[in-house]
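Residues per chain are reported as follows:
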Amino acid sequence: AGLRIAPGTSELDSSWIVFNKPEEEEMEDAYAGFLMALGLNGHLSCLSMFNIYDFLEEKHELTIVGLLLGISASKAGSMSSSTASLLAVHFPPLLPPGSADMEVSQAMQTAAMLSLGLLFLSSGNRHMVQVMLREIGRQPGPELDFAEDRESYALTAGLALGMIALGQGDKSVNLSDMNLMSQLCAFMDGGTKKEVLVSTISQPSSLVLEDDFINTNVTAPGAIVALGLLYLKTNNSDVALKLDAPETHFELNGIRPDFLLLRAMSRGLVMWDEIRPSQDWIEGHIPKIVKQNAFKDTQSQDSSIDIRTLSQTYVCIVAGCCLAMGLCFAGTSNEDAYHCLLDNARFMLAKINNLLSAEQAGRVCLEMCLNTVVLSLAVVKQSDLMQPTSMSLCTGAMPSTSSH
């Protein structure tokens, strides 16, 4: 409902937003989504600070999350000091040492961190970049709340860092001496914690035992996304080389296939001008050993070859490339991109419906990749609602393709 209110509507003010708050407690979650939707269309910039604190006083978690994200989206890139102060209260790393401890849930901290990324969008603010870089590698503290959901927290930190330094690459004077690429690569590939900045807030955990090496299962997704956004449209071949999928079976075994999806997407963001709406462009990102062995008959293969890993690697790289293509041709209704993505959606659907293929790559992995490709398809054709793509995919009625 909030997204249907067009940006620039003059009749919408702070009183109208507060007046439309439902009295029923069961509607509070829906109202949180409504606030966020208003913010995405820029309507929360008119919300007075008095009303904001009224919302915060209710201590309803989802309402606070929606409010923080909505306000920051309305003021994206403005670096508003009053909004930054509001967000800092919900983000302990920005509070001065010795501040009184506040009960801020993990969800609120994560929302505040993403909100800071929106508020400081493309600003290249050095302090904020340092904070987000530390939070990617934040250690598990003694509290149970931070020992859980660390992956989402680190991913959000990487996303926020990427938004703050969006497209800055190596040209920013403020960030030139921070060695961002080497530190993000350490978070992505692994190494010792001495090589990177880590948060000084966290304390040793009684629940999670970690040694002096970086836990890439936690830090890699955020670092990969941050690299893609930091070098967005820079066509930096050195960064692209870091994001390329390994060529050997041994190296591929050391990287989770879902991380390769993010790598393929981020590589596309960096090498923006090289994106082509064709299957040849997608196949060019897939290592030779993966092409030769993915979805092959296990009886005819060398026992040292892990068919499951290579099959998952294949579909994840394809899905990542499709996502990059979808972002590049977003809203253009480009026919070549549309047909290429449609063919890949058919391919994923065919593999899901094939028992052997579903076993080789894993049904969950295939469904994740199908969802990614369909999302990319929707992004490209968002201005054309007449295509029956979604219904065809849901019913499984799309014919098979021979392009793979």
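One can find the structure itself at the top, above this paragraph.
Residues numbered from 1 in each chain as written. Predicted model: local features only at pLDDT ≥ 70, side-chain atom pairs only at ≥ 80, totals over all residues. Heavy atoms only, no water.

K.L.:
Got a sec to walk through the overall build of the chain? Specific residues and values, please.
P.N.:
The helix and strand inventory of the chain stands at 21 helices and 0 strands. In the structure as shown, the chain presents an accessible area of about 19,400 Å², 53% of it carried by carbon and sulfur atoms. (Helix = DSSP H or I, 4+ residues; strand = E, 2+ residues; numbered from the N terminus. Areas by Shrake-Rupley, 256 points an atom, 1.4 Å probe, with all protein chains shown as cover.)

K.L.:
Any details on the pattern of salt bridges? Residues and values, ideally.
P.N.:
Here the structure, examined in full by the defined rule, presents 9 salt bridges. Across the pair R138 and E135 runs a salt bridge whose closest N-O atoms are separated by 3.6 Å. What makes R138 buried here is its relative accessible area of 11%. With a closest N to O distance of 3.1 Å, R363 and E367 form a salt bridge. Of this pair, R363 and E367 are both found in helix 20 (residues 363-380), 4 residues apart, which corresponds to roughly one turn of the helix. (Salt bridge = Lys/Arg side-chain N within 4 Å of Asp/Glu carboxyl O. Buried < 20%, exposed > 50% of the residue type's maximum accessible area, 1.4 Å probe, protein only.)

K.L.:
Describe the packing of aromatic side chains, listing the residues and the values that go with them.
P.N.:
Within this structure, the stated rule accounts for 5 aromatic pairs. Measuring from ring centre to ring centre gives 6.4 Å for F295 and F347, while their planes differ by 90°; the resulting arrangement is edge-to-face. Taken together, the residues span a long stretch of sequence, with F295 in the loop between helix 16 (288-293) and helix 17 (307-328) and F347 in helix 18 (residues 335-353) at a distance of 52 residues. With relative accessibility at 15%, the residue F295 sits in the buried group. Relative accessible area serves as the criterion here: at 9%, F347 is assigned to the buried category. Site record: aromatic cluster; members linked through ring pairs are Y31, F34 and F55. Cation over ring: K381 sits above Y338, and NZ or CZ is 4.6 Å from the ring centre. (Phe/Tyr/Trp six-rings, centres within 6.5 Å; stacked < 30°, edge-to-face > 60°. Lys NZ or Arg CZ within 6 Å of the ring centre and 35° of its normal.)

K.L.:
A description of unusual backbone geometry should follow, citing residues and the corresponding values.
P.N.:
Negative phi values dominate among residues other than glycine, just as trans dominates among peptide bonds. Notably, M79 is not glycine yet its phi reads approximately 55°, a positive angle. Structurally, M79 is set in the loop between helix 4 (61-74) and helix 5 (81-89).

K.L.:
Give me the lowdown on the environment of S122, citing residues and values where you can.
P.N.:
Tracing the sequence through the fold places S122 in the loop between helix 6 (106-119) and helix 7 (126-136). S122 gets classed as partly exposed once you look at its relative accessible area, which sits at 36%. Distance from S122 to G77, taken between C-alpha atoms, is 6.6 Å for residues 45 residues apart in sequence. Once residues lying within four places of it in the same chain are set aside, the contact partners of S122 are M163, I164, L166 and Q168. (Contact = heavy atoms within 4.5 Å.)

K.L.:
So what about helix 17? Which residues, and what values?
P.N.:
Helix length check: helix 17 (22 residues) gives 32 Å between terminal C-alpha atoms against 32 Å at 1.5 Å per residue, within 8%. Of all 22 residues in helix 17, 19 are buried; the element is thus mostly enclosed. The N-capping residue of helix 17, defined by a side-chain oxygen 3.2 Å from the backbone nitrogen of R308, is D306. (Expected span 1.5 Å × (residues − 1). Polar contact = N/O pair within 3.5 Å; in protein donor to acceptor, adjacent residues only side chain to side chain.)

K.L.:
So, the packing of helix 5 against helix 6: which residues are in play, and what are the values?
P.N.:
Between helix 5 and helix 6, whose axes approach to 9 Å, the crossing angle comes to 160°. By the angle class used here, helix 5 and helix 6 are roughly antiparallel. As helix 5 packs across helix 6, the resulting crossing turns out to be left-handed. Contact residues: helix 5 offers T83, A84 and L87, while helix 6 offers A112, S115, L116 and L119. (Axes fitted to C-alpha atoms, helices over the stretch in contact; angles between N-to-C directions. Parallel < 35°, antiparallel > 145°, perpendicular 65-115°, else oblique. Left-handed = near helix turned anticlockwise from the far one by under 90°.)

K.L.:
Hey, could you go over the environment of R267 for me, with residue numbers and the actual values?
P.N.:
Tracing the sequence through the fold places R267 in helix 14 (residues 257-270). A relative accessible area of 16% means that R267 is categorised as buried. Excluding anything up to four places from it in sequence, R267 contacts A240, L243, D244, E274 and H285.

K.L.:
Give a detailed account of the nonpolar core, specifying residues and quantitative values.
P.N.:
L67, Y314 and V315 are the most contacted members of the largest nonpolar core, which has 116 residues in total. Here this core takes 13 residues from helix 17, the largest share from any one element. (Core = buried A, V, L, I, M, F, W, Y, C linked by side-chain atoms within 4.5 Å.)

K.L.:
A description of the packing of helix 6 against helix 9 (residues 150-164) should follow, citing residues and the corresponding values.
P.N.:
As a packed pair, helix 6 and helix 9 sit with axes 7 Å apart at the nearest point and diverge in direction by 15°. Accordingly, the angle class assigned to the pair helix 6 and helix 9 is roughly parallel. Judged by the twist between their axes, the crossing of helix 6 over helix 9 is left-handed. Listed contacts from helix 9 to Q106, Q109, T110, M113, L114, L116, G117 and L118 of helix 6 are S152, Y153, T156, A157, L159, A160, M163 and I164. Taken together, the residues of the contact of helix 6 with helix 9 sort by class into 10 nonpolar, 6 polar and no charged. (Nonpolar A, V, L, I, M, F, W, Y, C, P; charged D, E, K, R; others polar.)

K.L.:
Explain the side chain of S311 residue by residue, including any values.
P.N.:
Mapped onto the elements of the fold, S311 is located in helix 17. Beyond its immediate chain neighbours, meaning those up to four positions away, S311 contacts A294, F295, Q360 and A361.

K.L.:
I'd like a rundown of a nonpolar patch on the surface, residues and numbers included.
P.N.:
On the surface, L3, M36 and L40 cluster together to form a nonpolar patch covering roughly 290 Å² of accessible area. On the basis of relative accessibility, which here comes to 56%, the residue L3 falls in the exposed class. (Patch = residues over 30% accessible without salt bridge, like charges linked within 9 Å, V, L, I, M, F, W, Y side chains within 5 Å.)

K.L.:
Give me the environment of C46: which residues, what numbers.
P.N.:
By the secondary structure assignment, C46 is in the loop between helix 2 (28-40) and helix 3 (49-57). By relative accessible area, which is 32% here, C46 ends up partly exposed. Each C-alpha atom of the pair C46 and I71 lies 9.3 Å from the other, and the pair is 25 residues apart in sequence. What C46 contacts, discounting residues up to four positions off in sequence, is L12, D13, S14 and I17.

K.L.:
Can you explain the state of the cysteines? Please cite residues and give values.
P.N.:
Cysteine pairs can be covalently joined through their sulfur atoms, and such a bond is termed a disulfide. Overall, the coordinates contain 0 disulfides when judged by the stated rule. Residue C322 stays outside any disulfide, its sulfur separated by 6.0 Å from that of C340, the closest cysteine. Relative accessible area serves as the criterion here: at 0%, C322 is assigned to the buried category. (Disulfide = S-S within 2.5 Å.)

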